[in-house]
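What the coordinates show
If you want the building blocks of each chain, they are given just below.
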Amino acid sequence: MAEAADFQGMSPSPARRWLRRTGALLAGAPLLAGLLQLPASTAAYAAPKADSTGSGTVGVSLDAVSPSAPTDGDTLTVSGTVTNRSKQTVTNAHVDLRLGPSLSGRSTLDAVAKRGSYQPGIDGTPVGGKYVTKFSKLTAGVSQPFSISVPVKELDLGSDGVYQLGVSLSGQSATQPYEQVLGIQRTFLPWQPEAADTKTKTTYLWPLISTTHLTAETGSNEVQTPVFRNDDLAKEIAPGGRLDQMLSLGSKLDVAWVMDPDLLASVDAMRDSYRVQGEGDTTTAGKNQKVAQAWLDKLEKTVQDKEIVALPFADPDLASLAHNGKNVTGSLSHLKDATDVAADTVESIVHVKPSTDFAWPADGAIDPSIVKVATSAGADKVIARSDSLRETGGLPYTPSAARPIGGGTTAVVADAGLSTAFQGDMSRAGSSTLAVQEFLAQSLMTNLQEPDNQRSIVVAPQRMPSASQAQTMAQALTALQDGNWSQSQQLTAAAKAKPDPDATTRVPSASSYPSSLRRQELPQSAFEEIENIQRKLDSFKVILTNSSRVVTPFGRAIDRGMSVSWRGHAAEAAIFRDGVERYLQVLTSQVRLIEKSETKLSGRSATIPVTVQNNLVQGVDNLVLRLTSKQPTRLKIADGPYDEQPIKVSGGHSQSVKFITNANANGPVTVVAQLYTEDGQAYGTPVTFDVDVNEITPTVMLVIAGGVLLLVLAGFRMYTQRKRAASRQAEEDPGTGPEADSLNEDAEGTVDTEDTDATDSRDGPAGESGAESGAGDPEHPGDPTPDTAPESTDPSGTGERVDR
């Protein structure tokens, strides 16, 4: 390995090779002599340990390498901890730096990083001398820190390249009473002491992307107070939060800012009054307005005069759309809307005009359908990754990122090794340090592959780096941008760079798409639900006098329902979509018909009122109310089976509409009231009620009149009979004088009073009283029974009446 140099610029000098070989032989001589002096049984036991000791007895953590890429005159400081993982005390322990050979290709970096136990000859020789940290003993289970500083000149580094740097702990224990390497940690030391003649142009994407925070719900006030799913966004943008650190770290770097406009819109919505969903249907007032304002102010200052790439609003999942959504009518139109609104959203908040020419599928994985969907909304550059668009021509170097893939589309292929360098847990210093050193080593190795061929390399990290990942990225980029082999470049420039003629331009087939990514996609049913929401929204917005109050929040909520951030969170995505649909249903139900009870008509022609109620804040228009008779031969609405009237109701009001009806027969008839939009689409739930026709015909009127006449005649006959009876009584018992006259007058007055009461009351009790007075007279018939029911006084419905 020390002699390997399979590409230009990596050949160590002959003197260097001779010194290394001699050092290896001298280091091995004492060990060989000791083995020859041991008894046979002991030698048989010890030899395997000398070959591969350090298999985890002592753990070595490499917490810092400074500087990460040293140059002439620097002092290299390596620090970390060693931990005795065994159950025995380690004695005579010491930590050494081991400088390994110059590595000969990017593939060897991966091999070194994956190597396990110590391997003599391959893991290099100790620097030795005073550059050692010694421990008299390491107690079992105990960790000890170490730090070794050595001038770079003492490392005797040769030509430019990447060297293996190891930190090992050697010692002995009671059961193994001889010195051996008990643990080792390897990393890389990039060595480019002077500026390279040709530097690699490097573009690093710095993503400002978050998960979905805003709901479709807004307040009914004039400013439409937004409602958030939770207050997690405030934690991200607060001082020390993930997004706050992304801003602070990125402000010191030369990077391409990649933004999701939804994030900016969500923070902007927090600047004023906002609410946060709680348990059930409750909401609480948000309290982080100052935090949001401070973050946006900081963002605006940071990105002035910087390159900004705006993704489509809410960062839609292009692969899910291509694989599961394109067969659902209307799904692709949402991508176009999300792209159209992106630039305006970003520019209105940070006052920098962004580029919207780039599409970024999840993990840079592409196939023909993804490319087609990605470019359908106007983007002509697709950010892919080299582990998707793989090289098939056996190139011995990493080609430039730009690749023409047909149809006027450019694939900007990010380097997979550099792009995935900071995934995983970077909260531990050991992991972070190793990631930084490997990133720098990969970058330098790329430059050394073709030192005279300047190339443009793009790095596209994970979409939402954690705070620790962002810190590690910034540390690596700072070292890279201060180094001697790389220079920063904008993303738009990298996309326009001259393509390498030998680089692959063939988009991989659909079968090559990773199954692990396909399992995370939104299913087709998700897009069907989204389109169902869109249809309901389309039906609702046409009746509104100010449709933007509804179209804008729901349109953006639909975009959020397709976000790539739902990958791996299918249940949460379904809950979000259900919430959007439920809230839309709540709003549409605010414009409705008031339920009606049974209505009774007493006559051939009458009017039926139907009431439309609007509980929305804004007015509704472009509605038609249709009243339909299910039996038009018996009951007509106007002159036919139905009648329609336009509806216009102010916000918070109701309107009653009267329909003229004509009855041809008695009895109940079912009537249906239904609202329609002007284009003929049914709106809301119909109201069905019965109309009971109870007409008073001329025959019935004659019968009633005859009954009244008989009643009058009966009363008159009773009156004359009583007068005659009074006269006979006066003749049989004639009285003289004033008393008799007075008696006659009193008797006559009494009869007159009773007759008047009977005649005026015209009801049953009054008739019975008259029969008693004339008991000796023949009986007379009472009132005839009517052949129809009297007119009903039942109410037609709340606040309504039937007018004849």
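Residues numbered from 1 in each chain as written. Predicted model: local features only at pLDDT ≥ 70, side-chain atom pairs only at ≥ 80, totals over all residues. Heavy atoms only, no water.

**Brief notes about the overall build of the chain**
Regarding its fold elements, the chain presents 21 helices and 30 strands. In the chain, which comprises 804 residues, the proportion classed as buried is 47%. Here the analysis covers contacts within the chain between residues at least 6 apart in sequence; of these, 78% occur between residues at least 24 apart. Just so you have it, the chain exposes about 37800 Å², and 50% of that area is on carbon and sulfur atoms. (Helix = DSSP H or I, 4+ residues; strand = E, 2+ residues; numbered from the N terminus. Buried < 20%, exposed > 50% of the residue type's maximum accessible area, 1.4 Å probe, protein only. Contact = heavy atoms within 4.5 Å. Areas by Shrake-Rupley, 256 points an atom, 1.4 Å probe, with all protein chains shown as cover.)

**Details of the pattern of salt bridges**
The full count for this structure, using the stated rule, is 21 salt bridges. For R271, the salt bridge identified is with D268, shortest N-O distance 2.4 Å. For D268, a relative accessible area of 26% corresponds to the partly exposed category. Where salt bridges share partners, they join R115, D123 and R186 into one cluster. (Salt bridge = Lys/Arg side-chain N within 4 Å of Asp/Glu carboxyl O.)

**A word on the packing of aromatic side chains**
Counting across every chain of the model gives 7 aromatic pairs. Between Y204 and F439 the ring centres are 6.2 Å apart and the planes differ by 70°, which places this aromatic pair in the edge-to-face class. Taken as a pair, Y204 in strand β9 (residues 200–208) and F439 in helix α12 (residues 429–449) lie far apart in primary sequence, 235 residues in all. In this structure F439 comes out as buried when scored by relative accessible area, which is 1%. Ring pairing ties together the aromatic residues Y204, W206, F422 and F439, which thus form one cluster. Residue placement shows R463 over the ring face of W360; its charged tip is 4.3 Å from the ring centre. Its end group placed over the ring of F689, K596 keeps NZ or CZ at 5.2 Å from the ring centre. (Phe/Tyr/Trp six-rings, centres within 6.5 Å; stacked < 30°, edge-to-face > 60°. Lys NZ or Arg CZ within 6 Å of the ring centre and 35° of its normal.)

**Let's talk about empty space enclosed by the protein**
Inspection of every chain in the model, using the stated rule, returns 7 cavities of 30 Å³ or more. In this structure, the largest cavity spans a volume of roughly 80 Å³. Every residue lining the largest cavity is counted, 13 residues in all, and those nearest its centre are P312, T339, F358, A374 and A379. Broken down by secondary-structure element, the contributors of at least two residues to the lining of the largest cavity are α9 (331–350) and β16 (358–359). In terms of residues, the lining of the largest cavity owes the most to one element, α9, which gives 3 residues. (1 Å grid on protein atoms, 1.4 Å probe; cavity = no way out; pocket = protein on both sides within 12 Å on 5 of 7 lines; lining within 4 Å. Points joined across faces, edges and corners; volume = space filled by probe spheres on them.)

**Points about helix α6 (residues 261–270)**
Quick reminder: α-helices carry 3.6 residues per turn. Residues three or four places apart thus point the same way. The buried fraction of α6 is high, at 9 of 10 residues. Of all the positions in α6, only P261, D262, L263, L264, A265, S266, V267, A269 and M270 are classed as buried. In this structure D260 caps α6, since a side-chain oxygen of it lies 3.0 Å from the backbone nitrogen of D262. (Polar contact = N/O pair within 3.5 Å; in protein donor to acceptor, adjacent residues only side chain to side chain.)

**Observations regarding the nonpolar core**
Most often, soluble globular proteins keep nonpolar side chains buried together rather than apart. With 74 residues, the main nonpolar core has F540, F554 and L625 as its most contacted residues. In terms of nonpolar packing, the next biggest core, distinct from the first, is built from 61 residues, L103, L214, M246 and L263 among them. (Core = buried A, V, L, I, M, F, W, Y, C linked by side-chain atoms within 4.5 Å.)

**Examining the sheet that holds strand β28 (residues 653–663)**
Strand order in this open sheet of 4 strands is β22-β24-β28-β26, and the pairing throughout is antiparallel. Every other strand in the sheet has two partners, leaving β22 (591–593) and β26 (635–637) as the edge strands with one partner each. Within this sheet the neighbouring strands show an average axis-to-axis angle of 30°, counted without direction. Pairing analysis gives 10 bridges linking strand β24 (residues 605–614) to β28, with the strands arranged antiparallel. Note on β28: the bridge partner recorded for A606 is T661. (Pairing = 2+ DSSP bridges. Axes fitted to C-alpha atoms, helices over the stretch in contact; angles between N-to-C directions.)

**Comments concerning the environment of Y131**
One can find Y131 in the loop between β4 (125–126) and β5 (132–138). In this structure Y131 comes out as buried when scored by relative accessible area, which is 13%. Spatially, the C-alpha atoms of Y131 and P151 are 9.6 Å apart, while their sequence positions differ by 20 residues. If sequence neighbours within four positions are ignored, Y131 has contacts with V95, I148, S149, V150, P151 and E154.

**Description of helix α17 (residues 548–560)**
In this model, α17 (13 residues) spans 18 Å end to end at C-alpha, consistent with the 18 Å of a helix rising 1.5 Å per residue. With 10 of its 13 residues buried, α17 lies for the most part within the structure. Among the residues of α17, those classed as buried are R549, V550, P553, F554, G555, R556, A557, I558, D559 and R560. Where α17 is buried, its residues contact β10 (214–218), α6, α9, α16 (524–541) and α18 (570–588). (Expected span 1.5 Å × (residues − 1).)

**Notes on the pairing of strand β7 (residues 161–172)**
Burial of β7 is extensive: 11 of the 12 residues sit out of reach of the surface. Bridge count between strand β3 (residues 90–102) and β7: 8 bridges; the pairing is antiparallel. Residue pairing in the sheet places L97 in a bridge with V167 of β7. Both β7 and strand β8 (residues 180–191) contribute to a ladder of 11 bridges, which runs antiparallel. When the bridges of β8 are listed, S168 appears paired with I184.

**Here we look at the packing of helix α5 (residues 242–250) against helix α7 (residues 289–303)**
Between two packed helices, the angle of one axis relative to the other and the distance separating the axes together describe the packing. At a minimum axis separation of 10 Å, α5 and α7 run at an interaxial angle of 25°. Comparing their axes, α7 and α5 come out roughly parallel. Crossing geometry of α5 relative to α7 is assigned as left-handed. Seen from α5, the contacting residues are L243, D244, L247 and S248; seen from α7, they are W295, K298, L299 and T302. (Parallel < 35°, antiparallel > 145°, perpendicular 65-115°, else oblique. Left-handed = near helix turned anticlockwise from the far one by under 90°.)

**Some thoughts on the side chain of T108**
By secondary structure assignment, the location of T108 is in helix α3 (residues 106–114). By relative accessible area, T108 is classed as buried at 15%. Within the structure, T108 has its side chain in polar contact with the backbone oxygen of G105 (distance 2.5 Å).

**Observations regarding the environment of G100**
Tracing the backbone shows G100 in strand β3. In sequence terms G100 and G166 are 66 residues apart; their C-alpha atoms lie 7.2 Å from each other.

**A word on the sheet that holds strand β27 (residues 642–649)**
Spatial ordering of the open sheet is given by β23-β30-β29-β25-β27, a layout of 5 strands whose pairing is mixed. At either end of the open sheet lies a strand with only one pairing partner, and these are β23 (599–601) and β27. For this sheet, the mean angle separating the axes of adjacent strands, direction not counted, is 30°. Alignment of strand β25 (residues 620–629) against strand β29 (residues 667–677), held across 7 bridges, turns out to be antiparallel. Within β29, the residue paired with L627 across the bridge is A673.

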